[in-house]
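Remarks on the overall topology
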Amino acid sequence: MIHIFDGAMGTMLHQAGLEPGECPELWNIEQPEKVTLIHRQYVEAGATIIETNTFGANRIKLAHYGLENKAVAINAAAVAAARQAAGSHAKVAGSVGPTGKFIAPLGDLTFDAAYDVFYEQICSLDQAGIDYIIIETIIDIQEMRAALLAAKAATRKPIICQLSFDADGRTVTGTDPRTAAITLEAMGASIIGANCSLGPAQLLPVIETLAQSCSLPISVQPNAGMPELINGQTVFPMQPDEMAAWIPKLAAAGASFIGGCCGTTPAHIKAIRQTVDNLTTQVDHRQHTATALTSRTRAVYLGPRFAPVIIGERINPTGRKALANDIKEGNFVAVKKEAIAQIKAGAGILDVNMGVPGIDQTAIMKQAIEELSVLVDVPLAIDTTDPAALEAGLKAYPGRALINSVTAESERLESFLPLAKKYGAAVLCLPLSDSGVPTTAVERVKVAKEIINIAMEHGLNRHDLLLDALVMTVATDARAAAETLLTLKLYREQLGCPAVMGLSNVSFGLPRRDLMNASFCAMALASGLDAPILNPFDPLMQDIWSATTALSGHDSHGLAYSKKYVDMPSQAVAVSSAAPDILTQIRQTVINGETTGVAPLIRQALAENYTPLTITDQALTAAMNEVGQAFGQGRCFLPQVLLSAETMRTAFNTIKEVLPAHTTESLGTVLLATVKGDIHDLGKNIVAALMENNGFTVIDLGKDVAPETIVAATKEHRPHIVGLCALMTTTLPQVDITINALKTAGFAVKTIVGGAVLTESYAQKAGADAYAANGVAAVNIAKQLLSNNN
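Notes on the structure follow. (Residues numbered from 1 in each chain as written. Predicted model: local features only at pLDDT ≥ 70, side-chain atom pairs only at ≥ 80, totals over all residues. Heavy atoms only, no water.)

**Remarks on the overall build of the protein chain**
Along the protein chain, the regular secondary structure elements total 31 helices and 25 strands. Computed over the C-alpha atoms, the radius of gyration of the protein chain is 28 Å, within 12% of the 28 Å expected from 2.2 N^0.38 for a compact globule of 790 residues. Overall, the protein chain is about 85 × 70 × 50 Å in size when its C-alpha atoms are taken along their principal axes. Here the protein chain, with 790 residues, has 56% of them falling under the buried criterion. In the protein chain, of all internal contacts separated by at least 6 residues, the share reaching a separation of at least 24 is 75%. The protein chain carries 59 positive and 76 negative side-chain charges, and their two centres are separated by 2 Å. (Helix = DSSP H or I, 4+ residues; strand = E, 2+ residues; numbered from the N terminus. Rg over C-alpha atoms; globule rule 2.2 N^0.38 Å. Buried < 20%, exposed > 50% of the residue type's maximum accessible area, 1.4 Å probe, protein only. Contact = heavy atoms within 4.5 Å. Lys, Arg positive; Asp, Glu negative; His and termini not counted. Charge placed at Lys NZ, Arg CZ, Asp CG, Glu CD.)

Okay, structure coming up:
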């Protein structure tokens with residue numbers, strides 16, 4: 001069965017008389033009859049689910065209008081208005097939009113604060129009597145996680161989670177559909193989908209990937225094409241029959257909840273309903289049972305159908321005094337270097353252990369997970385015995401983490417398994433019981449089964465669990481390795497969960513431990529090991545890993561093996577241990593986003609008589625150019641760009657601190673504003689941060705800024721560039737109105753425009769000098785525009 005959503009509420013409200021700059025949600029109280037009439041038109045057109053007029057009815061968004069204290073009343077009135085129109089013909093979904101802020105560390109909104117904002121709104125919607133909660137137009141997976149957690153706590157109604165994807169198939173902060181589906185299904189979403197930003201043609205592959213990556217129903221609400229500027233009006237060009245023609249393809253891709261977003265009207269929904277009524281194919285709901293972990297931007301699958309994955313063990317202070325001291329002092333430079341180096345050495349998952357005696361593990365784990373999740377793109381395993389530290393890490397992590405670990409001990413199970421269910425984490429299970437360590441494979445399988453049964457009683461599934469086979473030293477037990485290998489085989493034959501284990505215990509007390517560990521790894525992989533926890537820097541282990549992966553068929557035709565060894569002579573080559581020069585170190589530190597590590601390097605470079613200009617040109621600017629190129633090629637994403645930009649700003653500030661007389665020359669002045677009537681400023685804030693951190697002087701006028709205010713500020717500050725942002729389709733005309741106002745006032749200032757609904761063709765027709773698809777593009781365009789003027 002296909003359920004049909006309604007279309008654009010904002011489009012219809014403005015047709016009904018809502019003026020730019022007015023609060024759309026206030027109409028629920030002041031003009032509820034007009035809101036109900038819009039709902040009724042969609043119901044009459046054939047919608048089976050209508051959304052409340054509450055997209056911006058959270059206290060953060062309402063604060064722009066001074067209405068934050070009326071959030072509960074506005075949401076309740078919205079449900080009443082929708083209910084009156086729905087009657088018995090349609091269900092009502094409570095619409096929950098984004099806060100308009102990034103959650104830390106990308107922004108200044110804490111996860112708990114975001115949770116509270118969403119919880120307040122969803123509670124009020126639930127109490128007013130909705131049938132669904134729909135969390136929509138979210139551009140960051142961490143904000144979606146906060147909203148989903150709040151929804152699960154506030155209601156038992158089905159929860160629809162819809163992200164907005166860009167033309168590259170990722171959200172603004174880099175999450176792809178597969179990663180999103182895995183993360184949100186594990187956390188308990190009822191329906192997963194996509195809406196806004198794109199038309200049906202662009203969203204089709206997104207829907208296909210979502211459906212292929214989870215077992216949940218899929219929803220889609222595309223725009224009616226991409227907006228165009230025609231005779232001074234913003235027009236979505238896709239006609240109802242043209243949009244309806246895409247419905248069979250979207251349904252075949254897996255969508256069973258279909259509607260419209262920007263530019264769609266009752267006529268579009270009527271055409272969609274007619275097409276749905278004539279469909280003969282049934283939507284295929286597939287079952288997906290593969291075990292997977294995710295970061296913000298990447299999914300890693302585990303199991304016999306997939307290549308084995310190395311879990312890097314080096315972020316662990318046990319027996320490492322220097323690392324323990326750094327962690328105790330809150331210095332994560334060494335931790336970050338270990339993370340990056342392990343990934344380069346082949347690790348696909350990183351274990352994170354902050355077990356230093358005498359520290360606040362909860363606060364330190366939160367900080368470590370926040371910083372590492374921005375720095376690296378591989379999933380993380382949170383390694384702790386402290387439930388509070390575990391929850392802090394799981395809450396801060398923008399993906400599906402691995403919990404390391406639980407045993408059959410009841411106290412650990414009762415404290416850890418509910419957290420795994422709540423946050424959608426996978427769990428590493430060690431077959432240890434109150435009786436101690438089972439010595440035989442049969443005993444280990446028995447304990448593992450007990451853990452699995454208890455986990456399933458807590459709502460987890462087999463694909464949420466990974467099993468440790470336990471490794472003991474052969475120096476004290478000649479059967480130790482053989483029992484571990486048999487345990488791996490029995491896990492695969494009887495339990496079907498991926499197998500994970502550390503390797504190094506097997507060689508404890510023996511010479512040439514590297515040889516013993518590497519040989520044991522090859523045997524274990526052949527016996528069913530899916531993810532060994534090991535030191536990826538070990539050269540012999542790297543060799544065995546490459547060869548075993550090729551021999552097992554996971555390296556097709558041995559291509560990766562050949563690439564690694566084709567130019568390598570048979571005898572080991574001496575590798576220079578010389579440290580890179582200081583400018584190279586600075587450049588790499590900026591690329592890695594090591595904000596706390598760049599200052600001492602800048603001081604060292606200045607002490608070595610490098611000039612600020614040399615440091616800027618050959619290290620800082622070179623680094624940001626490389627980051628920008630990686631961003632453009634899809635090799636890094638917005639969180640990493642922001643972190644690198646912040647590191648560059650730290651470097652500039654350090655130069656000023658050491659040499660107070662030195663002033664870094666500004667690249668130029670940029671005046672930024674979100675246009676009149678538009679209260680969304682997240683994208684503009686990103687551009688402001690990137691511009692400032694790249695050496696521009698930024699004048700930020702904020703959001704909902706009238707053309708005359710922008711003209712007056714241009715006269716006062718004489719900027720080289722004016723940047724205009726518009727996210728709402730109804731405020732797009734303000735872009736060309738503002739540009740015309742600047743030209744009429746006689747300013748020859750260059751203009752760059754951007755925003756989720758803006759296109760390059762729209763920008764050209766509006767008279768802008770350039771269109772920027774994102775913040776990185778805006779910086780590069782600004783540099784080019786000013787270069788052309790010189």
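**A short note on the nonpolar core**
Membership of the largest hydrophobic core comes to 159 residues, with the highest contact counts inside it found for Ile135 and Met354. Considering every element that reaches this core, the biggest residue donor is helix 7 (residues 141-154), with nine residues. Each residue touching Met354, except ones within four places of it in the same chain, is listed here: Ile315, Pro317, Ile327, Phe332, Val335, Ile359, Gln361, Ile364, Met365, Ala368 and Asp383. Formed by 49 residues, the second largest nonpolar core is a distinct cluster that contains Val374, Leu583, Leu643 and Phe652. (Core = buried A, V, L, I, M, F, W, Y, C linked by side-chain atoms within 4.5 Å.)

**Quick look at the pattern of salt bridges**
Under the definition given, this model contains 19 salt bridges. For Arg59, the salt bridge identified is with Glu120, shortest N-O distance 3.0 Å. Of this pair, Arg59 sits in helix 4 (residues 59-62) while Glu120 sits in helix 6 (residues 111-128), placing them 61 residues apart in sequence. Note on Arg59: relative accessible area 32%, which makes it partly exposed. Several salt bridges share partner residues, and in doing so they unite Arg314, Arg320 and Glu338 into one network. (Salt bridge = Lys/Arg side-chain N within 4 Å of Asp/Glu carboxyl O.)

**Considerations on the sheet that holds strand 18 (residues 465-468)**
One closed barrel holds the eight strands; their spatial order is 13-14-15-16-17-18-19-20, and the pairing between them is parallel. Each strand of the sheet is rotated relative to its neighbour by a mean of 30 degrees, with strand direction disregarded. As paired elements, strand 18 and strand 19 (residues 499-502) share two bridges and run parallel to each other. Looking at the pairing, Leu467 lines up with Ala499 of strand 19. Strand contacts of helix 15 (residues 361-375): strand 13 (310-315), strand 14 (347-353) and strand 15 (380-383), with the helix running at about 170 degrees to strand 15, the strand carrying the most contacts. (Pairing = 2+ DSSP bridges. Axes fitted to C-alpha atoms, helices over the stretch in contact; angles between N-to-C directions.)

**Some thoughts on the side chain of Gln162**
Its place among the elements puts Gln162 in strand 5 (residues 159-163). For Gln162, the side chain forms a polar contact with the side chain of Gln221, separated by 2.8 Å. (Polar contact = N/O pair within 3.5 Å; in protein donor to acceptor, adjacent residues only side chain to side chain.)

**Section: the environment of Thr714**
Along the polypeptide, Thr714 turns up in helix 28 (residues 707-717). The spacing of Thr714 and Val670 is 44 residues in sequence and 9.8 Å in space, taken between C-alpha atoms. Residues within four places of Thr714 in sequence aside, it is in contact with Leu671, Pro719, Val722, Leu742, Phe747 and Val749.

**Regarding the packing of aromatic side chains**
Tallying each qualifying case throughout the model produces five aromatic pairs. Seen in terms of ring centroids, Tyr301 and Phe306 are 5.0 Å apart; in terms of plane orientation they differ by 20 degrees. Their pairing is stacked. The class of Phe306 is partly exposed, set by a relative accessible area of 22%. With a centroid separation of 4.8 Å and 45 degrees between ring planes, the pair formed by Tyr561 and Tyr565 is classed as tilted. Here Tyr565 and Tyr561 lie together in helix 22 (residues 559-565), a separation of four residues that amounts to about one turn. Judged by relative accessible area, which is 36%, Tyr561 ranks as partly exposed. (Phe/Tyr/Trp six-rings, centres within 6.5 Å; stacked < 30°, edge-to-face > 60°.)

**A word on helix 21 (residues 539-551)**
An ideal rise of 1.5 Å per residue puts 18 Å on 13 residues; helix 21 measures up with 19 Å between its terminal C-alpha atoms. Inspection of helix 21 places Met541, Trp545, Ser546, Thr548 and Thr549 among the buried residues, and these make up the whole buried set. On its buried side, helix 21 packs onto strand 13, helix 20 (513-527), strand 20 (531-534) and helix 22. With a side-chain oxygen lying 3.0 Å from the backbone nitrogen of Leu540, the N-terminal cap of helix 21 falls on Asp538. (Expected span 1.5 Å × (residues − 1).)

**What to know about the environment of Asn58**
As for its placement among the helices and strands, Asn58 is situated in the loop between strand 2 (49-51) and helix 4. Residues Asn58 and Tyr119, 61 residues apart in the sequence, show an inter-C-alpha distance of 9.5 Å. Setting aside its immediate chain neighbours within four residues, Asn58 contacts Gly97, Pro98, Thr99, Val117 and Gln121. Side-chain polar atoms of Asn58 contact the backbone nitrogen of Ile60, separated by 3.0 Å. Among the polar contacts made by the side chain of Asn58, one reaches the main-chain carbonyl oxygen of Pro98 at a distance of 3.3 Å.

**Considerations on the environment of Ile739**
The topology assignment puts Ile739 in helix 29 (residues 733-744). In the structure, Ile739 is positioned 686 residues away from Asn53 in sequence and 31 Å away in space, judged by C-alpha atoms. Ile739 has contacts with Leu724, Thr751, Val753, Ala766, Gly767 and Ala768, leaving out every residue within four places of it along the chain.

**Some remarks on the packing of helix 7 against helix 8 (residues 177-187)**
It is at 10 Å that the axes of helix 7 and helix 8 come closest, and there the two elements cross at 20 degrees. It follows from the interaxial angle that helix 7 and helix 8 lie roughly parallel. Every pair of crossing elements has a handedness; the one defined by helix 7 and helix 8 is right-handed. Only Ala180, Thr183, Leu184 and Met187 of helix 8 make contact with helix 7, whose side of the interface consists of Ile141, Met144, Arg145, Leu148, Leu149 and Lys152. For the contact of helix 7 with helix 8, a count of residues per class yields seven nonpolar, one polar and two charged. (Parallel < 35°, antiparallel > 145°, perpendicular 65-115°, else oblique. Left-handed = near helix turned anticlockwise from the far one by under 90°. Nonpolar A, V, L, I, M, F, W, Y, C, P; charged D, E, K, R; others polar.)

**So, unusual backbone geometry**
Here the residue pair Ala104 and Pro105 is connected by a cis peptide bond, since its omega of 10 degrees sits within 30 degrees of zero. Relative to the helices and strands, Pro105 is located in the loop between strand 3 (91-96) and helix 6. The backbone of Cys196 shows a phi angle near 65 degrees, a positive value even though the residue is not glycine. Tracing the chain through its elements places Cys196 in the loop between strand 6 (191-195) and helix 9 (200-213). With a phi close to 50 degrees, Arg718 is a non-glycine residue in the positive phi region. Mapped onto the elements, Arg718 comes out in the loop between helix 28 and strand 23 (721-725). The class for Arg718 is exposed, based on a relative accessible area of 55%.

**Some words on helix 7**
The terminal C-alpha atoms of helix 7 lie 20 Å apart, and with 14 residues this matches the ideal 20 Å at 1.5 Å per residue to within 8%. Helix 7 sits mainly inside the fold: twelve of its 14 residues count as buried. For helix 7, the set of buried residues is Ile141, Gln142, Glu143, Met144, Arg145, Ala146, Ala147, Leu148, Leu149, Ala150, Ala151 and Ala154. At its buried positions, helix 7 is contacted by helix 6, strand 4 (132-138), strand 5, helix 8, helix 16 (387-396) and helix 17 (410-423).

**What to know about the pairing of strand 19**
Side-chain positions along a regular strand alternate between the two faces of the sheet. Note that the unit made of strand 18, helix 19 (residues 480-495) and strand 19 has a crossover that is right-handed. Relative to strand 20, strand 19 runs parallel, the two sharing three bridges. In the sheet register, Gly502 faces strand 20, and the bridge partner there is Ile533. Read from strand 19 through helix 20 to strand 20, the crossover connection turns out right-handed. (Right-handed = clockwise from strand over helix to strand, strands pointing away.)

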